[in-house]
Structures are given as structure tokens and as C-alpha cells.
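# Structural overview for review
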Amino acid sequence: MQKKKKVIVITDGDTYARKTIDFLAGQIGGTCLAYLSDNPTHASAGEVIAAVLKAKEEPVYVLIDDAGATGPGAGEKILLEISRHPEIAIIGAVAVAAHTKNIEWTRFTLAIDQDGQLTANGISKEGIPIPEIGRINGDTIYSLDQLEIPIVIAIGDIGKMQGKDDLKKGSPITRKAIEIILERGGF
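Residues numbered from 1 in each chain as written. Predicted model: local features only at pLDDT ≥ 70, side-chain atom pairs only at ≥ 80, totals over all residues. Heavy atoms only, no water.

### Observations regarding the sheet that holds strand E4 (residues 88-96)
- Spatially, the seven strands line up as an open sheet ordered E2-E3-E1-E4-E11-E6-E7, and their pairing is mixed. Only two strands of the sheet have a single partner each, and these edge strands are strand E2 (31-32) and strand E7 (118-119). (Pairing = 2+ DSSP bridges. Helix = DSSP H or I, 4+ residues; strand = E, 2+ residues; numbered from the N terminus.)

Structural data, given as C-alpha cells:
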């Protein structure tokens, strides 16, 4: 039986997310498909799947983004296609909060606030805990709930969170989310 490529899905594809995940892949290990990310995602599912299968180092970080579109946008359609591929295993997802006000939400395993604290509360785009327990609002996260992803970590906006996840600081919140996924995924 062929070994499946291990993927971590990142539900953000803007410039901050691309730079952050590319940097962290260099620090932690893995292959970042930053060149296929955008806000919104313009790459096709076929392009992303081909890049995942060609990646030399795992995990493969796939950045998807719907840029505020409600319903399954371009990023979520790619997520669904990846999840169905027989040679790919999604080992976790970093679910990034957005200001969607309960239009689209997902459940998560753990959340990390802007101070790096684990919480059961949802997280705002700024990385501040909200009263909602176990749910996060976002624009590219609705389909996560439909899939059997082993671990979903909710965080605020990658590379931002009022400067607390800044790349100059090593993006500690995003790094912690990825490290938890890797630890739980057997890396």
C-alpha cells in the first residue's frame, strides 16, 4: 500500500499567511505551497493536488482562502477535493478566524489565543477569546466541519493578532498551532 502524503491545511492565503507559513516550514520542516496561495485562492484543485504529490518533504502546507465569500468558495472546494484524494491524508488544519458573525463557523479541537494560551473558547480575528465555546467564525472554514480531520486548531489572523504573531517575533501563535498538529500527527 502506498504511503499517503501528509497535509496540514491552513485556512488563510493572504501575504501575511504565505510569508508566515513559508518561514515556519523552513524552521519546522515540510513543504509550503505558498506559490499556489492567494486571497482568494486562484489555483485549481488539480494544481494543488499535483503539487502535494510532488512535494519532497512532509508535511505539505496547503493554504486556502475564500476572501470573505460565503458558502464553499474556491479554497473550500480545493479542501474538499484534497480530502477525497486516495494518496493524501489531511493530518490537521489551522482554522483562521474572520469577521463573519456566525455566517460560517466550524468546531475545533483546541484554540490558541493571541497570548499563546490554549482555550476551549472561540477566537476572534485579533486572537482574543470570545464567549462561544468550541466554535470559530471564519470565511474558509465551513467545510472543515464536514470532514474527519484529526485535529483542528483555531487561531486569529496569521501573522497579525495585534502584532503578537508577527513574523519578526517568529509567529509564535501559528508556530504553536502547527507544532500541536505535528505532535498529535506523529511527527
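### Some thoughts on the nonpolar core
- With 33 residues, the main nonpolar core has Val-7, Val-48, Val-52, Val-62, Ile-82 and Leu-144 as its most contacted residues.
- Broken down by secondary-structure element, the contributors of at least two residues to this core are strand E1 (5-10), helix H2 (45-54), strand E3 (60-63), helix H3 (74-84), E4 and strand E11 (152-155).
- In this structure, Cys-32, Val-94, Leu-110 and Ala-177 belong to the second largest nonpolar core, which totals 26 residues. (Core = buried A, V, L, I, M, F, W, Y, C linked by side-chain atoms within 4.5 Å. Buried < 20%, exposed > 50% of the residue type's maximum accessible area, 1.4 Å probe, protein only.)

### Some remarks on the pattern of salt bridges
- A complete count under the given rule lists nine salt bridges for this structure.
- The residue Glu-58 makes a salt bridge to Lys-3 at a minimum N-O spacing of 2.9 Å. One end of the pair, Glu-58, is in the loop between H2 and E3; the other, Lys-3, is in the segment before E1, with 55 residues separating them in the sequence.
- In this structure Glu-58 comes out as buried when scored by relative accessible area, which is 19%.
- Salt-bridge contacts for Lys-160 lead to Asp-157; the nearest nitrogen and oxygen are separated by 3.1 Å.
- Overall, the relative accessible area of 5% leaves Asp-157 in the buried class.
- Within this structure, Asp-14, Lys-125, Asp-157 and Lys-160 form a network of salt bridges that share partners. (Salt bridge = Lys/Arg side-chain N within 4 Å of Asp/Glu carboxyl O.)

### Section: the packing of aromatic side chains
- This model, assessed by the stated rule, comprises zero aromatic pairs.
- Directly above the ring of Trp-105 sits Arg-135, whose terminal nitrogen or CZ lies 3.7 Å from the centroid. (Phe/Tyr/Trp six-rings, centres within 6.5 Å; stacked < 30°, edge-to-face > 60°. Lys NZ or Arg CZ within 6 Å of the ring centre and 35° of its normal.)

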